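Observations on chain architecture
Residue-level listing of the chains:
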Amino acid sequence: MAGRAPPGKLVQVLEGHGNRVQCLAQFGNHVWSGSANGNIIVYDANTLEITERIQAPGRGGDEDYVCALLVINNQIWSGSSDGAINLFEQGGNVIGQLYAHASAVTCLLLGERYVWSGSGDKLVKAWNIQTGELIATLEGHTGWVRTLIMFNSKIWSGGDDGAIICWDEHTTKKGQELIGHTGGVLSLVKVDKQIWSGSADKTIRIWDPQSGRSLKELKGHAGWVTSLVYTGSHVWSGSTDKTIRMWNMQSEKTGSAVRVIQGHTGWVWCMISVGQFIWSGGGDKTIRVWTSQ
């Protein structure tokens, strides 16, 4: 019997997009992918076949980048470069639109109480999940907001100003800041009791969010670190250097590089974990599926 393929083995290259693949989200047995030409392509997560093509609406009927995707119950929320958030049902029909921000909606997060959005207008906003009503507008970043995660019932945002800011979801008040990166913070991921951040300064930092200390700085990428995924055994990072790197999670070796994965011929913009696989979207207009276990 053949042995299991090692992590990082290419399974398939998925084509179909006409521009860079900016974001990915799993919706049941399907993976939704958003592109810089406003196109959303839905793939069957098992057969890897295209099941749906959707053109996201623009405010003026023009094509707008699909920058972020978020699954909420039986809906998917899509952040657009025109500042809108579009709401789709599973079949791809548009069922709502929020005129959310004055610039691109770069990231979306489902919290315990609200949906959170970050934007190029430097703001973080909280939205009612059921009604889409604006709950709060949070000011604190001095550059584009690029990434959002939840950790210990708090919301954490990273931005082009190099800051990582903590927000209380119940009071919407600003809390501590994690400072250390010399470039924009483009990606965040929760890793057990730590937060890992990827930056335009080409590094990854490991943080203790309780103390606010930077525990370790990881170097290796030759470009911006645009995406981070935690699989339970490794942290995966994608970069504008066109590579994906795997990082060790064994306590005595945490942060040591395990493997450099090559394949994309353009920047790696996004990654998600889907079962025993990692899906990555790139500036080469492709999605690549890799073994992760």
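Before reading further, recall that the structure is shown in the block above.
None of the values given here were measured: they were computed from a predicted structure. (Residues numbered from 1 in each chain as written. Predicted model: local features only at pLDDT ≥ 70, side-chain atom pairs only at ≥ 80, totals over all residues. Heavy atoms only, no water.)

**So, the sheet that holds strand 7 (residues 75–80)**
- Spatial strand order, 6-7-8-9: four strands in an open sheet with antiparallel pairing. Across the chains shown, the open sheet's two edge strands, defined by having one partner strand only, are strand 6 (66–72) and strand 9 (94–99). Neighbour-to-neighbour, the strand axes of the sheet open up by a mean angle of 20°, direction not taken into account.
- Where strand 6 meets strand 7, six bridges bridge the pair, whose relative direction is antiparallel. (Pairing = 2+ DSSP bridges. Helix = DSSP H or I, 4+ residues; strand = E, 2+ residues; numbered from the N terminus. Axes fitted to C-alpha atoms, helices over the stretch in contact; angles between N-to-C directions.)

**A look at the sheet that holds strand 5 (residues 50–55)**
- The four strands are arranged 2-3-4-5 in an open sheet whose pairing can be described as antiparallel. Two strands lie at the open edges of the sheet, namely strand 2 (21–27) and strand 5, each paired on one side alone. The sheet shows a mean angle of 20° between the axes of neighbouring strands, taken without regard to direction.

**With respect to the environment of valine 229**
- Counting through the fold element by element, valine 229 comes out in strand 22 (residues 225–230).
- Given the relative accessible area of 8%, valine 229 is considered buried.
- Valine 229 sits 41 residues away from leucine 188 along the chain, and the two C-alpha atoms are 8.6 Å apart.
- Excluding anything up to four places from it in sequence, valine 229 contacts Val189, His234, Val235, Trp236, Met271, Ile272, Ser273 and Ile278. (Buried < 20%, exposed > 50% of the residue type's maximum accessible area, 1.4 Å probe, protein only. Contact = heavy atoms within 4.5 Å.)

**Re the pairing of strand 28 (residues 287–291)**
- Judged by how many residues are buried, strand 28 sits mostly within the fold: five of five residues are covered.
- Alternating residues of strand 28 divide into Ile287, Val289 and Thr291 and Arg288 and Trp290, and every residue in both groups is buried.
- One ladder, built from four bridges, connects strand 1 (residues 10–14) with strand 28; its direction is antiparallel. Within the sheet, the bridge partner assigned to leucine 14 lies in strand 28 and is isoleucine 287.
- Sheet analysis places strand 27 (residues 277–282) next to strand 28, joined by five bridges and oriented antiparallel.

**A few points about unusual backbone geometry**
- The backbone of lysine 122 sits at a positive phi, close to 75°, despite the residue not being glycine.
- Looking at where lysine 122 falls in the secondary structure, it is placed in the loop between strand 11 (114–119) and strand 12 (123–128).
- According to the relative accessible area criterion, lysine 122 is partly exposed, its value standing at 39%.
- Phi is positive for aspartate 192, close to 55°, though the residue is something other than glycine.
- As for its placement among the helices and strands, aspartate 192 is situated in the loop between strand 18 (185–191) and strand 19 (194–199).
- Take aspartate 192: its relative accessible area is 49%, and that puts it in the partly exposed class.

**As for the side chain of serine 292**
- Relative to the assigned elements, serine 292 resides in the segment after strand 28.
- Within the local environment of serine 292, its side chain forms a polar contact with the backbone nitrogen of phenylalanine 277, the two atoms lying 3.3 Å apart.
- With sequence-adjacent residues up to four places away left out, serine 292 is seen in contact with Pro7, Thr231, Ser233, Trp236, Gly275, Gln276, Phe277 and Ile278. (Polar contact = N/O pair within 3.5 Å; in protein donor to acceptor, adjacent residues only side chain to side chain.)

**Some points on the packing of aromatic side chains**
- Enumeration over the complete set of coordinates arrives at six aromatic pairs.
- Considering the side-chain rings of tyrosine 43 and tryptophan 279, the 6.2 Å spacing of their centres and the 65° angle between planes classify their relative orientation as edge-to-face. Of this pair, tyrosine 43 sits in strand 4 (residues 39–44) while tryptophan 279 sits in strand 27, and the two are 236 residues apart along the sequence. Accessibility assignment for this pair places tyrosine 43 and tryptophan 279 in one class, buried.
- These aromatic residues form a ring-pair network of at least three members: Phe27, Trp32 and Phe88. (Phe/Tyr/Trp six-rings, centres within 6.5 Å; stacked < 30°, edge-to-face > 60°.)

**Some remarks on the pattern of salt bridges**
- Throughout the structure, instances matching the rule amount to six salt bridges.
- Note that glutamate 217 and arginine 205 form a salt bridge whose closest N and O atoms lie 3.4 Å from each other. Here arginine 205 lies in strand 20 (residues 204–208) and glutamate 217 lies in strand 21 (residues 213–218), a separation of twelve residues in the sequence.
- Residue arginine 205 is classed as buried on the basis of its relative accessible area, which comes to 15%.
- A network of salt bridges, in which partner residues are shared, links Arg205, Glu217 and Lys219. (Salt bridge = Lys/Arg side-chain N within 4 Å of Asp/Glu carboxyl O.)

**Some thoughts on the state of the cysteines**
- Under the counting rule described, the total for this entry stands at zero disulfides.
- Looking at cysteine 270, it has no disulfide partner, and the nearest cysteine sulfur is the one in cysteine 23, 6.3 Å off.
- The class for cysteine 270 is buried, based on a relative accessible area of 7%. (Disulfide = S-S within 2.5 Å.)

**What to know about the pairing of strand 10 (residues 105–110)**
- Most of strand 10 sits inside the fold, with five of its six residues counted as buried.
- In terms of strand pairing, strand 10 meets strand 11 through five bridges, oriented antiparallel. Bridging from a neighbouring strand, leucine 110 pairs with valine 115 of strand 11.
- Here strand 10 hands over to strand 11 after three residues, the two strands then running antiparallel side by side.

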